[in-house]
Amino acid sequence: MWNGYYGQEPFDLRLCVLRMLRNVWRLLVITLAGTILFGGGYYMKNVLMRTEHIYQVKSIFKINYVEPPIRPGDYYINDATWNDYVDSELFQEALLMHLRESGDWQGEENIKDALNVTIASDLMVPYVNSTTHSPESAKQLAQAVCETMVEDFGTWNEQIASIEVIDPGAVTEVIPDVRPFRAFILSAVLSCFFGLIYLLLKEIGDDSIWLPGILRTRYGLATIGTVNSDEAPVNLDYLLRDAKTIAVCTVDDRIDPGEVIAQVESLSNAKKEWIPIPTPLLSPEVVEKIREAEAVLLAVRAGSHAGKPLEYVLNLFRTQDITVTATVLWEADESLIRDYYRLPGALVKEGIRE
């Protein structure tokens, strides 16, 4: 009977790898779906459905300080301070005044958000970027900035002798940094990674039974193997050698005990009475009929989530003092079993060969 062998079962890397290889098509489906969903969504949002256009004018100014900043400690205005100045109430009021004087200001943007100042290398050459959603308003705003810088700002700061406009700038459209190819590649890589993690966690946590040896290592049950295995006839005759009446019970209600009997009866050379018993999951009262037999052959369906139903049946049998004489792994993946035991060291690991 089952005596807590589950906790002694080591992680089987070989079986996990073989199962993951059989799930490669699922990984490909997950990767493809994630790539289409995330990469395609990025492409549609930023390329096909992009309706917002941004225009910018870059105006270049020359600041003539009273004392040019050529020594450490000399006064100058850095880019952070320039941005504070253009966001100040005094600068904004002067800017709005020049915009109203133009008579055709149509811009509705927040002017503070529309202006940005950068200094590339020369401290005396600031770049003022006027960014709006229409080329006309960008041009008008840049013109007002030039007038404010030259006519007003120079008079407010006593450290500045004058301000000159080097280049009033031209209207250009700001092209978003959209990289759909990279988005598709990133989506594929992330989808593949998370798909692999999902399949791995699912494989580890599915409480599955794929090999006949798992019935022994996890539950301490003797097994004849599968009905198609070469060792099944000799194992069946040995395990059931002293029994004349055998109750053939199934764990899964999808298994027909009559079909199991037909398969195992063809493997045995001895004349025995086979009693078909439905799964105790549907009718626990069948234990009375099982107890009348001399031996019990339990058919366990291979696959995912097969462990918990088997545990339920074994707990019921243990309470009813019913001993499982032998088990058979039903509807097993024969190619998986062959691949598993064909690998080097598999037979030694299972204790079949010294």
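The rules behind the values
- Residues numbered from 1 in each chain as written.
- Predicted model: local features only at pLDDT ≥ 70, side-chain atom pairs only at ≥ 80, totals over all residues.
- Heavy atoms only, no water.
- Helix = DSSP H or I, 4+ residues; strand = E, 2+ residues; numbered from the N terminus.
- Rg over C-alpha atoms; globule rule 2.2 N^0.38 Å.
- Buried < 20%, exposed > 50% of the residue type's maximum accessible area, 1.4 Å probe, protein only.
- Contact = heavy atoms within 4.5 Å.
- Areas by Shrake-Rupley, 256 points an atom, 1.4 Å probe, with all protein chains shown as cover.
- Lys, Arg positive; Asp, Glu negative; His and termini not counted.
- Charge placed at Lys NZ, Arg CZ, Asp CG, Glu CD.
- Pairing = 2+ DSSP bridges.
- Axes fitted to C-alpha atoms, helices over the stretch in contact; angles between N-to-C directions.
- Core = buried A, V, L, I, M, F, W, Y, C linked by side-chain atoms within 4.5 Å.
- Patch = residues over 30% accessible without salt bridge, like charges linked within 9 Å, V, L, I, M, F, W, Y side chains within 5 Å.
- Salt bridge = Lys/Arg side-chain N within 4 Å of Asp/Glu carboxyl O.
- Right-handed = clockwise from strand over helix to strand, strands pointing away.
- Parallel < 35°, antiparallel > 145°, perpendicular 65-115°, else oblique.
- Left-handed = near helix turned anticlockwise from the far one by under 90°.
- Nonpolar A, V, L, I, M, F, W, Y, C, P; charged D, E, K, R; others polar.

Engineer: Got a minute to help me understand the overall build of the protein in this structure?
Structural biologist: Looking only at helices and strands, the protein has 14 helices and 9 strands in total. Its C-alpha atoms give the protein a radius of gyration of 40 Å, clearly above 20 Å, the size a compact globule of 354 residues would have. Seen along its three principal axes, the alpha-carbon backbone of the protein occupies a region of about 115 × 45 × 35 Å. For the protein, with 354 residues in total, the buried portion stands at 42%. When contacts within the protein are restricted to residue pairs at least 6 apart in sequence, those whose partners lie at least 24 apart make up 78%. Carbon and sulfur atoms form 56% of the exposed surface of the protein, whose accessible area is close to 19800 Å². When the 31 basic and 50 acidic side-chain charges of the protein are each reduced to a single mean position, those positions are 13 Å apart.

Engineer: Any chance you could explain the sheet that holds strand E6 (residues 245–250) here in plain terms?
Structural biologist: Each strand in a sheet pairs with its neighbour through backbone hydrogen bonds, running either in the same direction (parallel) or in the opposite one (antiparallel). Pairing is parallel across the open sheet formed by 4 strands, whose spatial order is E7-E6-E8-E9. Unpaired on one side and paired on the other, strand E7 (273–277) and strand E9 (326–330) mark the two borders of the sheet. Strand-to-strand twist of the sheet, defined as the mean angle between neighbouring strand axes without regard to direction, takes the value 25°. Pairing geometry for strand E8 (residues 295–301) and E9, over 5 bridges, is parallel. Counterpart to Leu297 in the pairing with E9 is Ala326. Lying over the sheet, helix H10 (residues 257–265) contacts E6, E7, E8 and E9, oriented at roughly 155° with respect to E7. With respect to the sheet, helix H12 (residues 307–319) is in contact with E6 and E8, its orientation differing from that of E8 by roughly 160°.

Engineer: Even after reading the chapter, I still don't get the nonpolar core, so can you show me in this structure?
Structural biologist: When a protein is soluble and globular, its nonpolar side chains tend to lie buried together. Counting 35 residues, the largest nonpolar core has Ile209, Ile290, Leu298, Leu310 and Phe317 as the members making the most contacts within it. Contributing elements (two or more residues each) for this core: helix H1 (13–22), helix H8 (212–217), E6, E7, helix H11 (287–291), E8, H12 and helix H13 (334–342). The greatest single-element share of this core, amounting to 5 residues, is contributed by H12. Setting aside residues no more than four positions away along its own chain, Leu310 makes contact with Ile209, Leu215, Tyr219, Leu221, Val251, Leu298 and Val300. In this structure, Ile77, Leu95, Ala144 and Ile160 belong to the second largest nonpolar core, which totals 23 residues.

Engineer: Where do I start with a nonpolar patch on the surface in this structure?
Structural biologist: Together, Phe11, Leu13, Val17, Leu21, Val24, Leu28, Leu200 and Ile204 line one region of the surface with nonpolar side chains, adding up to about 750 Å² of accessible area. Of all the secondary-structure elements, those providing two or more residues to the nonpolar patch are H1, helix H2 (24–48) and helix H7 (180–205). Counting residues per element, the nonpolar patch draws most heavily on H1, at 3 residues. With respect to the helices and strands, Phe11 occurs in the segment before H1. Taking the relative accessible area as the measure of exposure, Phe11 reaches 53% and is therefore exposed.

Engineer: Help me understand the pattern of salt bridges, please; the structure alone is not making it clear to me.
Structural biologist: Close approach of charged atoms allows side chains with opposite charge to pair. Going through the model one piece at a time under the given rule, you end up with 11 salt bridges. Of the charged contacts in the structure, one is a salt bridge between Arg22 and Asp333, with a shortest N-O distance of 3.3 Å. Linking Arg22 in helix H1 with Asp333 in the loop between E9 and H13, this pair joins segments that are 311 residues apart in sequence. Taking the relative accessible area as the measure of exposure, Asp333 reaches 24% and is therefore partly exposed. The partner of Glu331 in a salt bridge is Arg301, with the nearest N and O atoms 2.9 Å apart. Highlighted residues: Glu331 in the loop between E9 and H13 and Arg301 in strand E8, separated in sequence by 30 residues. Several salt bridges share partner residues, and in doing so they unite Arg22, Asp333 and Asp339 into one network.

Engineer: Can you walk me through the environment of Asp242 in this structure?
Structural biologist: Inspection of the secondary structure assignment puts Asp242 in the loop between helix H9 (232–239) and E6. For the pair Asp242 and Val264, spaced 22 residues apart in sequence, the C-alpha to C-alpha distance is 16 Å.

Engineer: Teacher, can you tell me more about the pairing of E6 here?
Structural biologist: Two faces make up the sheet, and in a regular strand the side chains alternate between them. Where burial is concerned, most of E6 is hidden: 6 out of the 6 residues are buried. Taking every second residue as pointing to the same face, both faces of E6 are buried, with Thr245, Ala247 and Cys249 on one and Ile246, Val248 and Thr250 on the other. A crossover connection joins E6 to the parallel E7 through H10; in handedness this β-α-β unit is right-handed. Two strands pair when backbone bridges link them, and E6 and E8 are joined in this way by 5 bridges, in the parallel orientation.

Engineer: Which parts of the structure should I look at to understand the packing of helix H4 (residues 89–102) against helix H6 (residues 135–156)?
Structural biologist: Packed helices, taken two at a time, are described by the angle their axes make and the gap between the axes. Interaxial distance between H4 and H6 falls to 9 Å at its minimum, and their mutual angle equals 130°. Considering their axes alone, H4 and H6 lie oblique with respect to each other. Here H4 runs over H6; the crossing is right-handed. Contact residues: H4 offers Leu90, Phe91, Ala94, Leu95, His98 and Leu99, while H6 offers Gln140, Leu141, Ala144, Val145, Glu147, Thr148, Met149, Glu151, Asp152, Phe153 and Trp156. Within the contact of H4 with H6, the residues separate by chemical class into 11 nonpolar, 3 polar and 3 charged.

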